[in-house]
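Now for the letters of each chain:
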Protein chains: 2
Amino acid sequence: MKLNSTGIALAVVATVAAGSAWAVRDEPIQPIQPAKVTNPAKVELGKRLFFDPRLSRSGFISCNSCHNLSMGGSDNLQTSIGHNWTKGPINAPTVLNSSMAVAQFWDGRAKDLKEQAGGPIANPGEMAFTHDLAVDVLQSIPGYVAEFKAVYGSSRVEIDKVTDAIAAFEETLVTPGSAFDKWLQGDDKALNKRELAGYKLFKDSGCVACHNGPAVGGSSFQKMGLVEPYVTKSGAEGRAGVTGKDEDRFNFKVPTLRNVELTYPYFHDGQAQTLEEAVDVMGRLQLGRKYSKEEIGQIVAFLKTLTGDQPSFILPLLPPSSNETPRPVPFD
Amino acid sequence: MKLNSTGIALAVVATVAAGSAWAVRDEPIQPIQPAKVTNPAKVELGKRLFFDPRLSRSGFISCNSCHNLSMGGSDNLQTSIGHNWTKGPINAPTVLNSSMAVAQFWDGRAKDLKEQAGGPIANPGEMAFTHDLAVDVLQSIPGYVAEFKAVYGSSRVEIDKVTDAIAAFEETLVTPGSAFDKWLQGDDKALNKRELAGYKLFKDSGCVACHNGPAVGGSSFQKMGLVEPYVTKSGAEGRAGVTGKDEDRFNFKVPTLRNVELTYPYFHDGQAQTLEEAVDVMGRLQLGRKYSKEEIGQIVAFLKTLTGDQPSFILPLLPPSSNETPRPVPFD
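Predicted model only: the values in this text are computed from it and were never measured.

Calculation criteria
- Residues numbered from 1 in each chain as written.
- Chains lettered and ligands numbered in written order.
- Predicted model: local features only at pLDDT ≥ 70, side-chain atom pairs only at ≥ 80, totals over all residues.
- Heavy atoms only, no water.
- Contact = heavy atoms within 4.5 Å.
- Buried area = accessible area lost by both parts, 1.4 Å probe.
- Polar contact = N/O pair within 3.5 Å; in protein donor to acceptor, adjacent residues only side chain to side chain.
- Helix = DSSP H or I, 4+ residues; strand = E, 2+ residues; numbered from the N terminus.
- Nonpolar A, V, L, I, M, F, W, Y, C, P; charged D, E, K, R; others polar.
- 1 Å grid on protein atoms, 1.4 Å probe; cavity = no way out; pocket = protein on both sides within 12 Å on 5 of 7 lines; lining within 4 Å.
- Points joined across faces, edges and corners; volume = space filled by probe spheres on them.
- Core = buried A, V, L, I, M, F, W, Y, C linked by side-chain atoms within 4.5 Å.
- Buried < 20%, exposed > 50% of the residue type's maximum accessible area, 1.4 Å probe, protein only.
- UniProt positions renumbered as here; feature names shortened; annotations may be inferred.
- Least-squares fit on C-alpha atoms with pLDDT ≥ 70 in both.

Student: Summarise the interface of chain B and chain A; cite the residues concerned and give the values.
Tutor: A common measure of how large an interface is: the accessible area buried when the components associate. Contact residues are listed per partner, giving 46 residues for chain B and 46 residues for chain A. Taking both partners together, chain B and chain A bury about 3,900 Å²; carbon and sulfur atoms supply 68% of that area. For the chain B face of the interface with chain A, the top three residues by lost area are Phe60, Trp85 and Phe331 of chain B, together amounting to 22%. Across the chain B-chain A interface, the total number found is 15 residue pairs in polar contact (both at pLDDT 80 or more). Elements that contribute at least two residues to the side of chain B that touches chain A include exactly α3 (63–66), β1 (81–82) and β2 (86–87) of chain B. Classifying every residue of the side of chain B that touches chain A by side-chain character gives 23 nonpolar, 17 polar and 6 charged.

Below is the structure:
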């Protein structure tokens, strides 16, 4: 490599050209790093479990039902549909890039993806199963038993292993390669003028105070309705349900804005159907600023540059149940 | 190629070795031919539509929900779950190799896959949408409009094109490569003694009268309960609902036995949970023969050799809705 008085800068550019996710621009948002897979067999097992509806009482609902990897890792519904067509209390957050979040769920009640993965399985309004029953099902399926043995060194299926494997798969669900990341990495042509103006406005008007870091969010809890109260029919009270503190009422985890073009509708109650509406509400309620239609258009143009390469993999095949496998109970 | 007095036979063996699906054994069952894709863009469009829950009123149910390609093209439920958790009247047949069937649905009310594909979309107990609303949704999604234009030469989405594309994808869902097909193609080691004994029994005791051809079924309608009446709580009357003829009561399309290991539970009412039970019931009710436990084990061993290579493809990504896209209505 040729070195001169600007040797360091040249080295950085060379690294970028070689496909690194390193940023050459110093911005409050950083590029998404590609996933580093250290245990591919565990990821494969987790992928199968993520797609397996036998983790639900009905045999009909899998992790992928509400975190659909064909649809930005979300279900694109205001709130999700659970067992027996139960209407969920909250909008399903995307699973994409969720490994970067400070905690899991809108109220942060799970500290990481492993802890999160056990929640919906046992939630009566979601998959409506129990951890014990889910383990019994998996233990009865020879194909799974062989995989658990290969990954964990023992044929004994345990819920800790189930959630560990699902989390390992979810950690691979990152979306590098967005236009914005290319711009961060030094490609001046990656954003057009309108998108760049949108980013400048996003940054200068204060959105980055909460929507920052590689996930453009997910790193803090903030009050929904800081300047003006948020009007909603949703009963969700956010962080207060975890901490028991009154000052945490309506504190929610700041959602990632990565792939936000794909993860409509928006907010914890899924009330905003479009990005334009979401930007308008955020400006007024969180920043006390009424964006013009043109400004909203610019910010939305910027937000759409945050769509990265979606996870790409072969649809997993699930090992068949055996004669001993407890059968699903969709109708009570 | 070396030719001698047995030149023709050598040529056949060489073709087999090169991966042809041609049979060298003259049996009532023929090998599955690999899919011939003539229009890959149409197949890709159909694949996306097959996975898209926006073809349902709720935005939650796709073709893949009940014909899950991770699970042998079935949902492994006794009867399916439809809109608003409606309990379906009949077991969802596998979509795998369904292009070979004489007609679609258990009662044959659709003449082909294209006609079939429109059914569940508009069925109030399944996807609960209408063809017009489904077309409106797709027409509002720029990514789909571009694909329809590329495939059909016009940006106008029509239900005929939707079902045509889905059918084109479904036609690719064939499963060559099973152990039994390898045996048909001349590989003597593809089946063990027990599996071969099971096939001999399957053939000699009359199962092949109905379960024949490449799909090992699907080519005729037969009365469920020929020798002894079939006892069921299911109200399904089969072919009579289509023809209006009393003699067609309880006449159902003979299901394919390809991948039957994966498509439990069995029969139109999903009443048989295991292959052993299904073989026992079929023997008694259709053939008037009580198979011994050993015989059932042999036939089941043969049936498991009918599991072929499952369709393998990248999970499709769905184009996002636009601001104009009508939103799903999961809860009325």
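After presenting the structure, the write-up continues.
Student: Give a detailed account of empty space enclosed by the protein, specifying residues and quantitative values.
Tutor: Within the structure shown, the criterion is met by 1 cavity of 30 Å³ or more. The volume enclosed by the largest cavity comes to roughly 400 Å³. Asn64 and Ser65 of chain A together with Ser62, Asn64 and Ser65 of chain B are the residues nearest the centre of the largest cavity, which is lined by 25 residues in total. Broken down by class, the residue content of the lining of the largest cavity amounts to 11 nonpolar, 12 polar and 2 charged.

Student: An account of the nonpolar core is requested, with residue identities and associated values reported.
Tutor: In terms of nonpolar packing, the biggest core is built from 80 residues, with Leu49 and Leu69 of chain A together with Leu49 and Leu69 of chain B touching the most fellow members. Contacts of leucine 69 of chain B, omitting those with residues within four sequence positions, involve Leu315 and Leu317 of chain A together with Phe50, Phe51, Asn64, Val95, Leu96, Phe169, Leu173 and Phe313 of chain B.

Student: Run through the UniProt feature "binding site: heme c 2" (unreviewed entry) in chain A, naming residues and quoting values.
Tutor: Residue and element names in this part refer to chain A. The UniProt record marks Cys207, Cys210, His211 and Met282 with the feature "binding site: heme c 2" (unreviewed entry), using the residue numbering of this structure. Sequence-wise these annotated residues cover 76 residues; spatially they are packed, their C-alpha atoms never more than 11.5 Å apart. Here cysteine 207 is to be found in the loop between α9 (193–204) and β3 (221–223). Beyond its immediate stretch of four places on either side in the chain, cysteine 207 contacts Phe202, Leu287 and Tyr291. Along the chain, the position of histidine 211 falls in the loop between α9 and β3. Apart from residues no more than four positions distant in its own chain, histidine 211 is found in contact with Ile29, Phe202, Val216, Gly217, Val254, Pro255 and Leu257.

Student: Which residues make up unusual backbone geometry, and what values do they have?
Tutor: What is expected of a backbone is that most residues other than glycine have negative phi and most peptide bonds are trans. The amide bond that connects tyrosine 264 of chain A to the next residue, proline 265 of chain A, takes the cis arrangement and shows omega of -10°. Within the element layout of this structure, proline 265 of chain A appears in the loop between β4 (251–253) and α11 (275–287). The phi dihedral of alanine 128 of chain B falls on the positive side, at around 60°, and the residue is not glycine. For alanine 128 of chain B, the location among the structural elements is in the loop between α4 (113–122) and α5 (131–139).

Student: Outline the relation of the copies chain B and chain A, supporting the account with residue identities and numerical values.
Tutor: Superposition of the two copies of the chain requires a rotation about an axis and a shift along the axis. Aligned on chain A, chain B shows an RMSD of 0.0 Å; the corresponding rotation is 180° and the shift along the axis is 0.0 Å. Both copies are brought into coincidence by an operation consistent with a two-fold rotation axis. Relative to the rotation axis, the C-alpha of isoleucine 314 of chain B is the closest in chain B, positioned 2.0 Å from it. Mapped onto chain A, 100% of the interface residues of chain B are again interface residues, and the two copies thus contact each other with one and the same surface.

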